[in-house]
Amino acid sequence: MSERMDPACSFNRLFFGVLLITSLFSFIEPLQAEPADDASIATNLADMLRAARQVISSNQARINDPNLGDKGLTGQVVLQQAVEIFKKATGTDPSSIDPTSRFGRLMHAQMDAIVEATDANQATINAKGVGFKGFIPAVFARLVNESFENHARNEAQIKVTAPEQLVRNRKSRPDQWESEVIRVKLLREDWPRGQAYAAEVETKGRTAYRMMMPEYYANSCLSCHGSPKGETDVTGYPKEGGKEGDLGAIISVTLFKQ
Ligand code: HEC
């Protein structure tokens, strides 16, 4: 028997085809047209910071090598490697973000900060005859965040902090809101592991969207932050007695409302 198209059936196909296409467009369009929301901006800034930190971490042996002078780790090289890590982790190419949007401006401010913090420390990184130079991911992240604050012109702040008793550098101490979130949310027994906490709060007299993203000590952190508590580590700080899996760091992002 030959298959003949029933006119009603082909109409139905057409109808549902059009319906499918229009509904697909209605899904896709807002994704392209809507500006990135606060949560995704904050998450992306944290991901880029992590990526930059990872570049320093994977080049640590090279940085610490007393026999090597020029390491070739210029600001542009570190940024390029960070962007590659970021792209793999997030699936987003930073160059595809509209640089005039708020999201684009902040991502560019952060990428500029990565270049600036690296270039400003070339003498340290390239010092010959010195092994451990103290140029470690935590220090680098703080320098990037300090530079970001200049570039982001009061639009945003990024900070890496920790529970109060673990903080080494006074500049990284949690503020009142951060302390509160650490105590009543992130350190709570039943807080879902890795889950961020975000809220809109008054900060420095302005309304801000703030997000706290928890990180936990890995085994690699414990040569400095582990046991025995009080023993001096390679950087000259007393170890905190931390254990693998403890809440050890929080990336805290503040986005001020215009
Ligand atoms: C080589 C030793 C060393 C290792 C390894 C290390 N840290 Fe640190 N960490 C430091 C030093 C030194 C500082 C202070 C940096 C500064 O001057 O801002 C610091 C600072 C920090 C801070 C910022 C708050 C503060 O205490 O000033 C956090 C958070 C942190 N480390 C977490 C970690 C985590 C998580 C790991 C593992 C992924 C890790 N650290 C690995 C030495 C280390």
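Here, the structure is the one placed above.
This is a predicted model, so every value here is computed, not measured.

A look at the overall build of the protein chain
Of regular secondary structure, the protein chain possesses 9 helices and 4 strands. The secondary structure elements of the protein chain, listed N-terminal to C-terminal, are α-α-α-α-α-α-α-β-α-β-β-α-β. The buried share among the 258 residues of the protein chain stands at 39%. Looking at the protein chain alone, contacts between residues at least 24 apart form 67% of all its contacts between residues at least 6 apart. Surface exposure of the protein chain reaches about 14700 Å², of which carbon and sulfur atoms provide 54%.

Some details on the sheet that holds strand β2 (residues 197–203)
One open sheet accounts for 4 strands, arranged β1-β4-β3-β2; its pairing is antiparallel. Taken across any chain shown, the strands that pair with only one partner, and hence form the sheet edges, are β1 (156–161) and β2. On average, adjacent strands in this sheet sit at an angle of 20° to one another, irrespective of strand direction. When strand β3 (residues 206–216) meets strand β4 (residues 247–256), the two strands line up antiparallel, connected through 9 bridges. Bridge pairing links Glu215 to Ala249 in β4.

A look at the site of the ligand
For the ligand, the set of nearby residues contains 22 residues, the closest of which are Arg142, Arg168, Cys221, Cys224 and His225. The separation between an oxygen atom of the ligand and a polar main-chain atom of Arg168 is 2.7 Å. In this structure, a nitrogen atom belonging to the ligand sits 2.8 Å away from a side-chain N or O atom of His225. Given that more than half its atoms are within 2 Å of the pocket grid, the ligand belongs to the largest pocket. Elements with a minimum of two residues in the shell around the ligand: α7 (137–151), β1, α9 (222–225) and β4. Partitioned by chemical class, the residues of the shell around the ligand number 12 nonpolar, 8 polar and 2 charged.

A word on the coordination of the iron atom of the ligand
Exactly one protein atom donates to the iron atom of the ligand; that atom is His225 (NE2), 2.1 Å from the metal. With respect to the element layout, His225 can be found in helix α9.

A word on the packing of helix α2 (residues 38–58) against helix α4 (residues 75–90)
Their axes nearest at 8 Å, the elements α2 and α4 cross at an angle of 125°. By the criterion of interaxial angle, the relationship of α2 to α4 is oblique. Seen along the crossing, α2 lies across α4 with a hand that is right-handed. Residues Asn44, Asp47, Met48, Ala51, Ala52, Gln54 and Val55 of α2 form the contact with α4, whose own contacting residues are Val78, Gln81, Ala82, Val83, Ile85, Phe86 and Thr90. In terms of residue class, the contact of α2 with α4 is built from 9 nonpolar, 4 polar and 1 charged.

Focus on the nonpolar core
Core analysis: the largest hydrophobic core is formed by 42 residues, its most contacted members being Leu45, Phe140, Phe148 and Leu255. If you list the elements that add at least two residues to this core, you get α2, α4, α5 (102–119), α7, β1, β3 and β4. Ranked by residue count, the leading element in this core is α2, at 10 residues. Here this core spans two domains, and each of domain 1 (36–153) and domain 2 (155–258) adds at least three residues to it. Beyond its immediate sequence surroundings of up to four residues, Leu45 is in contact with Leu106, Met107, Gln110, Phe148, Ile158, Val253 and Leu255. Membership of the second largest hydrophobic core comes to 10 residues, among which are Val181, Met212, Leu247 and Ile250.

Basis of the calculations
Residues numbered from 1 in each chain as written. Predicted model: local features only at pLDDT ≥ 70, side-chain atom pairs only at ≥ 80, totals over all residues. Heavy atoms only, no water. Helix = DSSP H or I, 4+ residues; strand = E, 2+ residues; numbered from the N terminus. Buried < 20%, exposed > 50% of the residue type's maximum accessible area, 1.4 Å probe, protein only. Contact = heavy atoms within 4.5 Å. Areas by Shrake-Rupley, 256 points an atom, 1.4 Å probe, with all protein chains shown as cover. Pairing = 2+ DSSP bridges. Axes fitted to C-alpha atoms, helices over the stretch in contact; angles between N-to-C directions. Near = heavy atom within 4 Å. Polar contact = N/O pair within 3.5 Å; in protein donor to acceptor, adjacent residues only side chain to side chain. 1 Å grid on protein atoms, 1.4 Å probe; cavity = no way out; pocket = protein on both sides within 12 Å on 5 of 7 lines; lining within 4 Å. Sits in = over half its atoms within 2 Å of the grid points. Nonpolar A, V, L, I, M, F, W, Y, C, P; charged D, E, K, R; others polar. Donors = N, O, S within 2.8 Å, 3.2 Å for Na, K, Ca; no water. Parallel < 35°, antiparallel > 145°, perpendicular 65-115°, else oblique. Left-handed = near helix turned anticlockwise from the far one by under 90°. Core = buried A, V, L, I, M, F, W, Y, C linked by side-chain atoms within 4.5 Å. Domains from an automatic or database assignment.

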